[in-house]
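Given next are the chains, with one letter for each unit.
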Amino acid sequence: RLSDKQELQSIPFGLGLAPLGVAFAPDGTRVYVAVADLTPAAGSLHVYDVQTGGLIDSESVGELPTALAVTPDGNLVHVTNKTDGTISVYDTQTSSVVRTVTVGTSPVGIAISPDGARAYVANNGSANVSVFDTLTGAAVSGSPLSVGVQPIAVAINSQGTTAYVSNVAGTPTVVEVGGLRTLTILRAGSGIGTVTSNPPGIDCGTQCQARFPAAPAVMLSAVPGPNSTFSGWSGPGCGFSVTLDVNRTCTATFSSTLPPPSTTPPPWCTAPATTGCCFIATAAYGSAMDEDVALLRRFRDDTLNASALGRGFVRLYYRYSPPLADYIRGRDGVRATVRAALKPLVLAIRHPQGAAGLTLALLLAVLGWRRIRRRRAATQS
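Small disclaimer: the values here were computed from a predicted structure and weren't measured.

Trainee: Explanation requested: the pattern of salt bridges in the structure shown.
Mentor: Side-chain pairs of opposite charge can arise whenever the charged atoms involved come near each other. Inspection of every chain in the model, using the stated rule, returns 1 salt bridge. One salt bridge connects D245 with R248, and the closest N-O pair in it is separated by 2.7 Å. D245 sits in the partly exposed class, given a relative accessible area of 44%. Since its relative accessible area comes to 15%, R248 is described here as buried.

Right, dumping it as structure tokens:
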């Protein structure tokens, strides 16, 4: 008992029997013990009641059973048989060994993925890890996996994305199997566009970096925006299909089909040359070619600059906008928030009659409400 470090009971084994592996059922009611019979070179799986210590079942397995792993649902117990090079699969519902799976030479360590779908076996003699389906016993594509020399134990993280294998021969090592890799998407060129991924994770736009399981290919889709074309990928190993055996940074280049906007600073721009007069919307949308950015630019030139009051607002706005634009540009979450905040203004500029009608309707509603309140007040008095 862990609470007071007291021994509750001791289970004796006969002469020549060696209990080499032990595991609990997920609900804690049973304990499974891999027992090697060293005299006739046989082995068995013993099942005990945790409360009483009584033997519930004993089933023959392979020679020199060494380690155990129980699926998270408690339905299957996997036993590594070192001498046989096999795994015995015990069904807890039928209390019988239902399958024997052949793996590598001298399997000694075993772990089950958190979803219970796969078993990982450290084959000490063949220096690899076998991976098989726990329901069928069929080897998973890519199995066995090469690791270090004389692997002895394997463990899987709680997300099921990474396995670690300990190797005892030569220079002892721990080898990572699987794991997560980071994919970063950059956008370049004079045009605009978005990049998304399958499986989901990249939505650039707003989410331009994500982590994926190592090795499986991530499919990328590059969609050019208005007045733009997709010109291609750049970066080692980059393309529409990216294998994440390492962290990768891929650049999608979009080219504009229109002449680029003028780079000559407007007369009201007083910012230093190193900072520039970047419109905040340009930083939020990621490109001066975006339709909403172009609409706001036309509103500035055609409407605001047409009056002295508007020109004063523009000068004041651009006196303080460059540092804000620099802050927004490198933060995807802030960029998304600014785009959402600008959307009502964009809609009002794009549909001025609708905006005027909505404003008039709100004004009439306020006036009507005030009239109703005055009538109620007069009635009560």
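The discussion continues.
Trainee: Teacher, can you tell me more about the environment of G193 here?
Mentor: Among the secondary structure elements, G193 is positioned in strand β17 (residues 193–198). Note on G193: relative accessible area 6%, which makes it buried. It is 8.6 Å that separates the C-alpha atoms of G193 and T253, two residues lying 60 residues apart in sequence. In this structure G193 touches R187, C204, V223, P224, G225 and F254, once residues within four positions along its chain are discounted.

Trainee: How should I be thinking about the packing of aromatic side chains in this particular structure?
Mentor: In this description, an aromatic ring pair is defined by two values, namely the gap between the centres and the angle between the planes. Inspection of every chain in the model, using the stated rule, returns 6 aromatic pairs. When the ring of F230 is compared with that of F240, the centres are 5.7 Å apart and the planes differ by 55 degrees; the resulting orientation is tilted. Of the two residues, F230 sits in strand β21 (residues 228–234) while F240 sits in the loop between β21 and β22 (241–243), which places them 10 residues apart along the sequence. For F230, a relative accessible area of 23% corresponds to the partly exposed category. Assessed through its relative accessible area of 44%, F240 is described here as partly exposed. Aromatic rings pair up to connect F230, W233, F240 and F254 into one cluster.

Trainee: I would appreciate a short explanation of the pairing of strand β16 (residues 180–188) in the present structure.
Mentor: As a general feature of sheets, a regular strand has side chains that alternate between the two faces. Where β16 lies against strand β19 (residues 209–213), 5 bridges are found, and the strand directions are antiparallel. Bridged to R181 within β19 is F212. Sheet analysis places β16 next to strand β23 (residues 248–256), joined by 6 bridges and oriented parallel. Of the residues in β23, the one forming a bridge with T184 is T249.

What counts, and at which threshold
- Residues numbered from 1 in each chain as written.
- Predicted model: local features only at pLDDT ≥ 70, side-chain atom pairs only at ≥ 80, totals over all residues.
- Heavy atoms only, no water.
- Salt bridge = Lys/Arg side-chain N within 4 Å of Asp/Glu carboxyl O.
- Buried < 20%, exposed > 50% of the residue type's maximum accessible area, 1.4 Å probe, protein only.
- Helix = DSSP H or I, 4+ residues; strand = E, 2+ residues; numbered from the N terminus.
- Contact = heavy atoms within 4.5 Å.
- Phe/Tyr/Trp six-rings, centres within 6.5 Å; stacked < 30°, edge-to-face > 60°.
- Pairing = 2+ DSSP bridges.

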